[in-house]
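# Structure at a glance
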Amino acid sequence: MTFGLPEGPDSTRGVIKLAILAVGGQGGGVLTNWITDLAMRCGWHVQATSVAGVAQRTGATIYYLEMMPKDPARPEARPVFALSPSPGDVDIVIAAELAEAGRAVLRGFVTPDRTALIASNHRMLAVSEKIIPGDGRADGNKVLERVGEASRRFVHFDMEAIAKQAGTVISASLFGALAGSGELPFPRSEFEATIKAGGRGADASLAAFAAAFERAAAKEVPVAPERMEAPGHGVAVRGPGKLQKEWDGLCDRVAAFPEQVREMAGLGLRKVVDFLDCAYGREYLDRLEKIIASDRADKDYAFSREAAKYVANGMVYDDIIRVADLKTRSARAERVRREVRLKGEQTLLTTEYFHPRMQEIVGLLPARLGAGIESHPGLMDRLNRFVDRGRRIRTDSIVGFGMLWVIGGLRRWRRSLLRHKVEAEHLGKWLDLALEKKAEDYELGVEVLKCRRLIKGYSDTHARGHSKFDRVLSCLPMLKGRGDAADWIRRLREAALADADGVALDGAIRTVRSFTEEAKENAG
Amino acid sequence: MAERSFAKEVQKLKLGEGQEFSGEGILAITKALLECGVGYVGGYQGAPISHLMDVLADAQEILGELGVHFEASASEATATAMLAASVHYPIRGAVTFKSTVGTNVASDALANLASGGVTGGALIIVGEDYGEGSSIMQERSHAFAMKSQVWLLDPRPNLPSIVSAVEHGFELSEASNTPVMLQVRIRCCHVHGSFIARDNKRPPMTVADALENPRRDTQRIVLPPASFLHEKEKIQKRLPAAIDYIKRHKLNEVFGGAGRVGIIMQGGMYNGVIRALQRLGLADVYGETEVPLYVMNVTYPLIEDELLEFCATKDAVLVVEEGQPDYIEQALGAMLYKSGATVRLEGKSMLPMAGEYTGDVMLSGIGNFLRTHAGEMLAPAIRAPNTPAPPLFEDLAKAVPMRPPGFCVGCPERPIFAATKLVEQELGKHHIASDIGCHLFSIMPPFDLGATTMGYGLGPASASAFNSPDAKRRSISFVGDGGFWHNGLTSSIGNAVFNKNDGVIVVVDNYYSAATGGQDILSSRADNRTKSTNHPITDAIKGMGVKWVKHIERTYDVGKLRDTLKEALTTEESGPKVIVASSECMLNRQRRENPIRRKAIADGRRVVKTKFGVDEDVCTGDHACMRLSGCPSLSVKQLDDPLRDDPVAAIDENCVGCGNCGEVADAAVLCPSFYQADVVNNPTGWERFWFGLRQRVIGWLQARRESRRLVFAENVA
């Protein structure tokens, strides 16, 4: 495969052409300087170029080097090197991130006849991938597969993790992978001498270099670690004996479920019990048992499996009590300490960012009282003036922690609170709707269940999620009786997850409306 | 203090006769200036020559020893006006800036300088910001050379050629009493190579000598009737002198054999042309080729006899001239036509009219030229290449996201645009005028704010038409501190005051000219040994006559920014409403503080380090926070939990604890998932005691609750 490159007596075959693709801020410049230094150290001709400037601010950047051994017969002669890489004419490409490896292939710098691609396969997500309300991440496996096909040799592993482990940045592990790959004819000692000459931070760099060197030099590609066993039945749990017994009883009920439902039901049960108590778990299983009883084995219990997932998510709504509960657990404190790598003599202050509004506070009140207040918009407004402001709670202090601890303790009265009533009603209606649709069209019922995914977030985000949920389901009457109704609900849901403002969803709804109306006209 | 320090590299500037200098192109230029006995240097930073300014700033001691005056000019116009020192005095001067944007700004001074002419050599080093990596509109500096009648050097992109161009540039300038522009392209500025140094030279006449012995010559001042004489002098005296010098010193080079086709190129295109010939099997690795080449290290003026002579023996010539219009090709065409030549002229017929001449553009253009006019020179396979179509990677193209530049981790400008977005959610969309600088990243996701950018410091000026009593809405315009001092104070603020503009102006003050690499400016907070800093922007604005000025000293306070912006948009007050939003550029701040912090921790002093985190079980995976951030450190991750469909927010260890996440979650009422963790290094004994006590009480409360409920082992992610 070539890109307009004629097969001819190219006189630069003896030149090693190396391109580095990185994300601004990753240290591509450091790596370029190292390789330049290395080549000079080994008595080679070398030329490096880069594109500096504002393009380097977190954007995709590229560095380029050419090098060749000096000709003893012509020690004074200087080769003429190119200043930028050409498609189809690069021997080594180093990519500091997986998508950048993909970009190198798209730009034609990686070709199967000659390019060795050395890439870190970790991802640094682009802004466009992160801002999608659903899952906007690019398909990394597709990149891996294509990039592998496009290169002569593909050395890849998580070089970012190796660098992190050594307490340094990725340039060191990339340099190690380059050395370990053996693509440059220089001895390891010269690579290391280059790093040492750099001075500060050399020890950490050398550690990352060594680890990456070994990985790249290893002949066999290490197998990815086995996916962790999903927790479910028999999950590690501790607590008072009485509760443990109750829990075991609940687990026994799950064990009797069809195999296809068991794992999800086990996880759902755990989530529900963790949210409230074993009685809530029983409620969950009661619902599920009823659903399973009416489900079909020939459909692989797809409905029940989705119900196990989304009923649990629905029953575990995000209220202040849950947030307070989660933030006051010992496991959470442990996680924060781990994340900041708290060392012995250091101390830690933690601040939580809350911004409750009257809507959330009302949800915490007994159902009747809460509903009463809520029915007086004027009163809500007035009260909101006291409530609606950002509150920073120091959970390392006794007062701050104690406050959240007390709120978390409201858990046991949850069933009598307004929010619980609202959520339970909503859940019931949605589940009934799904069951009703399932009776007409099995797949449609499943899709209705899955729409629960749209409800997430807090305050305005939560309200927006609800509105999307309602709008998607409001299309059900229009789709009634159509064979592709399930598919349309799926498409509408995906559209709803594509952007925050619901532009894609509006478009999808318009489409549904147009063809259903057309069908009606034709019928009329 | 600039983002990149050249303190170590500038030592190379001291190298003497016969020693080998090895380093970047810009450093070589600096060394060459000193070898030429330059008397003063100045300029304005901007890629690709930002580092040239940084090198000069870091080399001030060496410059001082030699009696060389250095200035970080206020703008490119200032820099070019500074060359006036070479008008009456035989002092060599050099200035540098990015082009064409800088040359645009400089063109008033440039035209005046070129009209009167110079006595001492005057060199303008322009970083041609064209092609990949460029951050500006794509234009050519060539037009400026033609219109002001200054000479344009475009040397081959290797260090010896660049150094030689500096030397000849001064001499050519002096020989023809004309300023000379030396053009270096993006990659050439950063190319790493070597050359043999010479001794540095003290300027024969320093600026101090000139000050002590003032001179004047009315003939050199641009005022009628002298200006009419200048116009004629340019053509009758200076141009012939320049042509004579260029020919005598063979500034343009001829390579290759005696073939019947030839290539005429700008010097800067040389490596690209040679690479194409190498790949076509027509040049060896050292650039030796049979194909005749005429390399114009001087691209203006054109040397007619040299060109005609080169073409005389050819059937066809190819002009390799990057960018448009094709000035050189047009001029050559006219010359050939007038001389009755029959050679076939190719250029833009084989190569694209617009855009960068990359490796494959050159290969296919030169390949086509040779196939058409000299097929016998090529190997059979190249004559009729059998090139398979490039593979289609449609699925890969879909999987690789665009990655435009954006705000860095912890950037203080991010919260300004988060606040603006929140205001727009409340008050609706506004016309937003942007400016040049990092803050222009607001036009991209996640903020999508800003409609135009019209030039450095011209953000508010570009909104000046939007001032109507009939509209209920005001315009919002942004200007950075760099643009503000560059010319925004007069062109934007002054204009708004004078014309009673009712719009809202936000001055984004990050203490540096940050986008160009963190150089100091008037309002920088740092103490700078050689410059006067700490001049508040608000004082300047008030001095300009603005009545409504609000200063926000911490941009991370999103709520306050939002409220201030809202007030500015709704207040009854007439005239411009100016908000100065100040916080230090995080890139520079980290660079400044990290070593200090490391040392303090090592010395056992109390140091607090802040980082943000996300409670993944509280986060619901809606990513609303990302839509008000775009921070590289705030990303998403998939939990190992089949119950969760969407990835949740996660903050990596690059977080600098700027606070934007928490502030945004609060101001936009997003969610309670964020927490701030302040790690206290070397806490006091008292602190440690309290910490222990609190931990015990909290631990007791946790244990009490957890003993009465079921506790599930956490998923280990």
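As the structure is a prediction and not an experimental result, all values here were calculated from the model. (Residues numbered from 1 in each chain as written. Chains lettered and ligands numbered in written order. Predicted model: local features only at pLDDT ≥ 70, side-chain atom pairs only at ≥ 80, totals over all residues. Heavy atoms only, no water.)

## Structural notes on the pattern of salt bridges
Residues and elements named next belong to chain A. As a reminder, the rule being used: Whenever Lys or Arg places a side-chain nitrogen within 4 Å of a carboxyl oxygen from Asp or Glu, that contact is recorded as a salt bridge. Numbering of helices and strands starts at the N terminus; helices are DSSP runs of H or I of at least 4 residues and strands are runs of E of at least 2. Relative accessibility under 20% of the residue-type maximum defines a buried residue, over 50% an exposed one, and the middle range a partly exposed one, all with a 1.4 Å probe and only protein chains included.
Applying the stated criterion across every chain, the model contains 94 salt bridges over all chains. Arg332 serves as the salt-bridge partner of Glu352, at 2.9 Å between the closest nitrogen and oxygen. Placement of Glu352 in strand E8 (residues 347-354) and of Arg332 in helix H14 (residues 330-339) is noted, with a sequence separation of 20 residues between them. Accessibility expressed as a relative area gives 0% for Glu352, which makes it buried. In this structure Arg332 comes out as buried when scored by relative accessible area, which is 5%. Ionic pairing is found between Glu440 and Lys480, a salt bridge with its closest N-O pair at 3.6 Å. One end of the pair, Glu440, is in helix H19 (residues 418-440); the other, Lys480, is in the loop between helix H22 (476-479) and helix H23 (485-498), with 40 residues separating them in the sequence. Lys480 sits in the exposed class, given a relative accessible area of 55%.

## Thoughts on the confidence of the model for chain A
To keep it simple, the criterion reads: A residue's pLDDT is the confidence the predictor assigns to it, expressed on a 0 to 100 scale. What makes two residues a contact is simply this: any of their non-hydrogen atoms within 4.5 Å.
Looking at chain A, pLDDT values average 92 and 94% of them are 70 or higher. The low-confidence segment residues 225-234 of chain A, where pLDDT is below 50, has 10 contacts with residues more than four positions distant or belonging to other chains.

## Considerations on a nonpolar patch on the surface
To be explicit about the condition: Every patch collects residues that have over 30% relative accessible area and no salt bridge, joining them within 9 Å if they carry like charges and within 5 Å if they are nonpolar side chains (Val, Leu, Ile, Met, Phe, Trp, Tyr). Only the protein chains shown count as covering a residue, and every accessible area follows the Shrake-Rupley method with a 1.4 Å probe.
Taken together, the side chains of Trp686, Phe689 and Trp690 of chain B present a nonpolar region at the surface, about 380 Å² in accessible area. Since its relative accessible area comes to 61%, Trp686 of chain B is described here as exposed.

## Some words on the packing of H19 of chain A against helix H21 (residues 459-473) of chain A
Residues and elements named next belong to chain A. Selection criterion: Between N-to-C directions, angles cover 0 to 180 degrees, with each direction set by a line fitted to C-alpha atoms, over the stretch in contact for helices. The cut-offs work like this: below 35 degrees is roughly parallel, past 145 is roughly antiparallel, 65 to 115 is roughly perpendicular, and the gaps in between are oblique. Note on convention: the crossing is left-handed when the near helix lies turned anticlockwise from the far helix by less than a right angle, right-handed when the turn is clockwise. Residue type decides the class: Asp, Glu, Lys and Arg count as charged, Ala, Val, Leu, Ile, Met, Phe, Trp, Tyr, Cys and Pro as nonpolar, and the leftover types, Gly among them, as polar.
Packing of H19 against H21 brings their axes to within 13 Å, and their N-to-C directions diverge by 25°. By the angle between their axes, H19 is roughly parallel relative to H21. Every pair of crossing elements has a handedness; the one defined by H19 and H21 is left-handed. Here Arg419, Glu423, His426, Trp430 and Leu433 of H19 come into contact with H21, specifically with His462, His466, Phe469 and Leu473. Split into classes, the residues belonging to the contact of H19 with H21 amount to 4 nonpolar, 3 polar and 2 charged.

## Some remarks on the sheet that holds strand E6 (residues 153-157) of chain A
Across a sheet, strands are paired by hydrogen bonds formed along the backbone, either parallel or antiparallel in direction. All names here are of chain A. This is how the line gets drawn: Between any two strands, at least two bridges found by DSSP are needed for them to pair.
As summarised here, the arrangement of the 6 strands in space is E2-E3-E1-E4-E5-E6, forming an open sheet in which the pairing is mixed. Whereas interior strands pair on both sides, the edge strands pair on one side only; in this sheet they are strand E2 (44-50) and E6. Geometrically, the sheet is characterised by an average inter-axis angle of 15° between neighbouring strands, direction not taken into account. The pairing of strand E1 (residues 16-23) with strand E4 (residues 92-95) spans 4 bridges and is classified as parallel. When the bridges of E4 are listed, Ala19 appears paired with Val93. Sheet contacts for helix H2 (residues 98-106): E1, strand E3 (60-69), E4 and strand E5 (116-120); angle to E1, the most-contacted strand, approximately 135°.

## Examining a positive patch on the surface
Worth spelling out the cut-off: Asp and Glu count as negative and Lys and Arg as positive, but His and the ends of the chain are not part of the count. Note on charges: their place is set at NZ of Lys, CZ of Arg, CG of Asp or CD of Glu.
A cluster of basic residues, Arg200, Arg341 and Lys343 of chain A together with Arg598 and Lys609 of chain B, forms a positive patch on the protein surface. Checked against the element boundaries, Arg341 of chain A lands in the loop between H14 and E8. Of the residues examined, Arg341 of chain A reaches a relative accessible area of 57% and is grouped as exposed.

## So, the packing of aromatic side chains
How two aromatic rings sit relative to each other is given by the distance of their centres and the angle of their planes. Threshold: Aromatic pairs are defined between Phe, Tyr and Trp rings, using the six-membered ring for Trp, whenever the two ring centres lie within 6.5 Å; interplanar angles under 30 degrees are classed as stacked, those over 60 as edge-to-face, and all others as tilted. Think of it as a cone above the ring: NZ of Lys or CZ of Arg counts as a charge over the ring if it is within 6 Å of the ring centre and within 35 degrees of the ring normal.
Overall, the coordinates contain 26 aromatic pairs over all chains when judged by the stated rule. Ring geometry for Phe175 of chain A versus Phe209 of chain A: centroids 5.8 Å apart, planes at 55°, classification tilted. Residue Phe175 of chain A is located in helix H6 (residues 170-181), and its partner Phe209 of chain A is located in helix H8 (residues 202-217); the two are separated by 34 residues in the primary sequence. Per residue, the accessibility class of Phe175 of chain A equals that of Phe209 of chain A, and both read buried. By the ring-pair criterion, three or more aromatic residues cluster together here, those being Trp34, Phe175, Phe191, Phe209 and Phe213 of chain A. Here the basic side chain of Arg452 of chain A rests over the ring of Trp430 of chain A, its NZ or CZ set 5.4 Å away from the ring centre. For Arg156 of chain B, the ring lying beneath its charged end belongs to Tyr270 of chain B, and the centroid distance is 4.6 Å.

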